[in-house]
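# Examination of the molecular architecture
So you can see what is in the structure, the chains are spelled out below.
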Amino acid sequence: MSSDLNASEKKSTELVVRLWRDHVAKYWPVLTLALILMSLEGAALGAFAWLVRPLFDELFAAQSLDGIGWVVVAIGGMFAFRALAGFLHRMILAAIGLRVTNALQVRLVKHILGLDSSFFAINSPGSLIERVRGDTMTLQSTSTYVLMSLGRDAVALVALTVVMLATDWTWTLVALVGVPLLILPMSALLRLIRRTAFAARDTAALLTTRLDEMFHGVQSIKVNRLEATETERFAKDTRRFLRFQLRSSAGQAANPSLIDLLSGLGFVAVTLFGAEAIINGEKTVGEFMSFITALSLMFDPLKRLSNTAGGLQAAAASLDRLYTALEVQPKITSPANPKPFTAGDITFDEAKFAYGDAPVLNGLSFTAMAGKTTAIVGPSGAGKTTVFGLLTRLIDPVSGKVSIGGTATDAVSLADLRDNIAVVGQETALFDQTIAENIRMGRLDASDDEVREAAASAHILEFADGLPQGLDTAVGPRGSSLSGGQRQRVAIARAMLKKAPILLLDEPTSALDTQSEKLVQEALARLSQGRTTLVIAHRLSTIRDADLIVVMDHGRVVEQGTHDDLIAREGAYARLNALQSAGIDTSL
């Protein structure tokens, strides 16, 4: 157990050093100022305890007001200075903490967006949101509290201890005799807090995932009457989170309680020893009150410092999760010396790919001619969508080669490759922005006129001009304020604006009504002109005029040719066409 704790502490220390180097070190001048202010605030408590002595011995005991002015001014000035120092260092630490948090969040988002698709397959959106928002905010709040406590309370403890020792070192030993007794129970509490803090952060990520799934799938929940089921699932997860939080809170709450026991023991012991010394004339009332004041003031900083240990465990859990994500590196990257992108024929040469142990492509080979339309058909699971993933390098083949214009896709920079490919899929990725802003994502430097021209070509103006704000109308979360056909037309306009020489279409009309399909098909026909187009077809009627039809099954090409050629062969394509013509679902 102790070796595990030591290993965790070593790792936490390494992560803190990395955080300092990466994000905090540049603020060292203002941090130094904040530490000085915190030290002065802490030292002021010692000064106050010391000023209690002349207050009792020179004024109260002498029953004289002579000299009360300087004592009152000194005490009042000390508290005013302490208030100012406290305000300034809190503002400095808050500003630095927020800037570091923002920098961490931006760094995380940039890093995560650059990772491979496989990373997103095993990390839910809720978990990633919790890392970017929850963990960074937890780290910011706890680290600010910890730093303030260490800087202010540690100095206060030293100053108050000096006052106590200066008054009587034997009283000090008596007052603090119980400190060694706290070592074992506090060590046990730290282990509990560390374990529960990690578990609580993981459970918090699960809760965020649940909420993300529920709110995005609210229509499915309603039509299937799953409200009660989903509520119970969420309630079950919240109960689990509550258990971990309560255990962590119990561990952190126990620390101040132990300090209270220690303070009670110290007061009793000092009163017994001090009373006799005062009666015998060995100590004055002012010395006793100065000592008791210092002892009283000591226990609040001591409580906060004990809570600091628990806060460090919670911060360590968040810091570990953050750097675990940052340490993941993408496998799909641009080559060190990329070749220029050259448009041309798209060739798959014995390309193989597998998801884990499940093979998807088994030596796929075909060529899509430049400037022509190539349709890819086949049953579900044949590997059609994987073809698009390989072309855009969202995934790389296990073996074999994918090339464009005679150049392998992995020899070209990712930026060049993806800048020259436009994709329109079944599910349109729209963002909660305006229609114009969603179109402009195809090319961020496009002018307003170019955006409007693309919108006109995609038949968007037919509905957008009737909206109160036209193209500046917000589409809602995931384009929820638009119909399916309208969302597809926005995606087509985005692809038009991109003006990429290669166009990938994943049957964007499969879920549309007849009227919407007609408009989208017209827009797609305009978009495909002069481009090398690959289209995944679920309905064979939509690809009769394709220059080449590639029939896939089990990750291989089983037939290829024009529609008429394939019908004449009376093979797999002809059978699929006959079934669809008869109205039978072929699961394409």
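Position numbers for residues count from 1 along each chain, tracking the sequence in the order it is written. Where totals are concerned, whole chains, interfaces and linings use all residues; where local detail is concerned, this predicted model gives features only for residues with pLDDT of at least 70, and gives and counts side-chain atom pairs only at 80 or more. Computation of side-chain values covers all heavy atoms of the structure but excludes hydrogens and water.

## Side note on the nonpolar core
Side chains of a nonpolar character, in soluble globular proteins, are inclined to be buried together. Membership of the largest hydrophobic core comes to 44 residues, with the highest contact counts inside it found for Ile435, Ile439, Ile460, Ile492, Ile543 and Ile549. The biggest single contributor to this core is helix 16 (residues 484–498), with 7 residues. Two residues form a contact once any of their heavy atoms are found within 4.5 Å. Excluding residues within four positions of it along the chain, isoleucine 435 makes contact with Ile460, Phe463, Ala464, Leu467, Gly470, Leu471, Thr473, Val475 and Val490. Within this scheme, the nonpolar core is defined by two criteria: the residues are buried Ala, Val, Leu, Ile, Met, Phe, Trp, Tyr or Cys, and they are joined through side-chain atoms within 4.5 Å. Relative accessibility under 20% of the residue-type maximum defines a buried residue, over 50% an exposed one, and the middle range a partly exposed one, all with a 1.4 Å probe and only protein chains included. With 29 residues, the next largest nonpolar core counts Phe341, Phe388, Leu504 and Leu548 among its residues. Runs of E in the DSSP output that reach at least two residues are strands. Runs of H or I that reach at least four are helices, and both are numbered from the N terminus.

## Brief notes about the sheet that holds strand 10 (residues 556–561)
DSSP calls a pair of strands paired once it identifies at least 2 bridges connecting them. With mixed pairing, the 6 strands of this open sheet are ordered in space as 6-7-8-3-9-10. Edge positions in the sheet fall to strand 6 (421–424) and strand 10, since each has one partner strand and no second. Neighbour to neighbour, the strand axes of the sheet diverge by 20° on average, direction disregarded. When strand 3 (residues 373–377) meets strand 8 (residues 532–536), the two strands line up parallel, connected through 4 bridges. Bridge pairing in strand 8 links threonine 374 to leucine 534. Fitted lines through C-alpha atoms give the axes, limited to the stretch in contact for helices. The angle between two N-to-C directions lies from 0 to 180 degrees. Relative to strand 8, helix 11 (residues 384–391) is tilted by about 145°, and along the sheet it contacts strand 3, strand 6, strand 7 (502–506), strand 8 and strand 9 (548–553). The strands touched by helix 16 within the sheet are strand 6 and strand 7, with strand 6 carrying the most contacts at an inclination of about 175°.

## With respect to a nonpolar patch on the surface
A cluster of nonpolar side chains, contributed by Leu84, Phe87, Leu88 and Met91, occupies part of the molecular surface with about 400 Å² of accessible area. With respect to the element layout, methionine 91 can be found in helix 3 (residues 68–113). Residue classification places methionine 91 among the partly exposed positions, given a relative accessible area of 48%. Patches in this entry comprise residues that are over 30% relatively accessible and not in a salt bridge; like charges within 9 Å are linked, as are nonpolar side chains (Val, Leu, Ile, Met, Phe, Trp, Tyr) within 5 Å. For every accessible area listed, the method is Shrake-Rupley and the probe measures 1.4 Å; residues are considered covered only by the protein chains on display. Each reported salt bridge corresponds to a side-chain nitrogen of Lys or Arg within 4 Å of a carboxyl oxygen of Asp or Glu.

## Regarding the pattern of salt bridges
Summed over all chains, the structure comprises 12 salt bridges. Close ionic contact of aspartate 396 with arginine 393 constitutes a salt bridge, the shortest N to O distance being 2.7 Å. Among the residues examined, aspartate 396 registers a relative accessible area of 24% and is labelled partly exposed. Arginine 393 sits in the buried class, given a relative accessible area of 3%. Aspartate 465 serves as the salt-bridge partner of arginine 452, at 3.4 Å between the closest nitrogen and oxygen. You can see arginine 452 sitting in helix 14 (residues 448–457) and its partner aspartate 465 sitting in the loop between helix 15 (461–464) and helix 16, a full 13 residues away along the chain. Classification of arginine 452 as partly exposed rests on a relative accessible area of 39%. We classify aspartate 465 as partly exposed; its relative accessible area is 47%.

## Side note on the side chain of asparagine 438
Secondary-structure assignment places asparagine 438 in helix 13 (residues 435–440). Judged by its relative accessible area of 0%, asparagine 438 falls in the buried class. Of the polar contacts made by the side chain of asparagine 438, one reaches the backbone oxygen of threonine 434; its length is 3.0 Å. Under the rule applied, a polar contact is a pair of N or O atoms within 3.5 Å (in protein, one hydrogen donor and one hydrogen acceptor; residues adjacent in sequence only if both atoms are side-chain atoms).

## Some thoughts on the sheet that holds strand 4 (residues 399–404)
The strand order 2-1-4-5 describes an open sheet built from 4 strands, whose pairing is antiparallel. With one partner strand each, in any of the chains shown, strand 2 (358–368) and strand 5 (407–408) form the two edges of the open sheet. With 8 bridges connecting them, strand 1 (residues 346–355) and strand 2 associate as antiparallel partners. Bridge assignment links alanine 351 to a residue of strand 2, and that residue is leucine 364.

## A few points about the side chain of histidine 23
By secondary structure assignment, the location of histidine 23 is in helix 1 (residues 2–24). At a separation of 3.1 Å, a polar atom in the side chain of histidine 23 contacts the side chain of arginine 107. Once you skip the residues sitting within four places of it in the chain, histidine 23 turns out to touch Val100, Ala103, Leu104, Arg107 and Tyr323.

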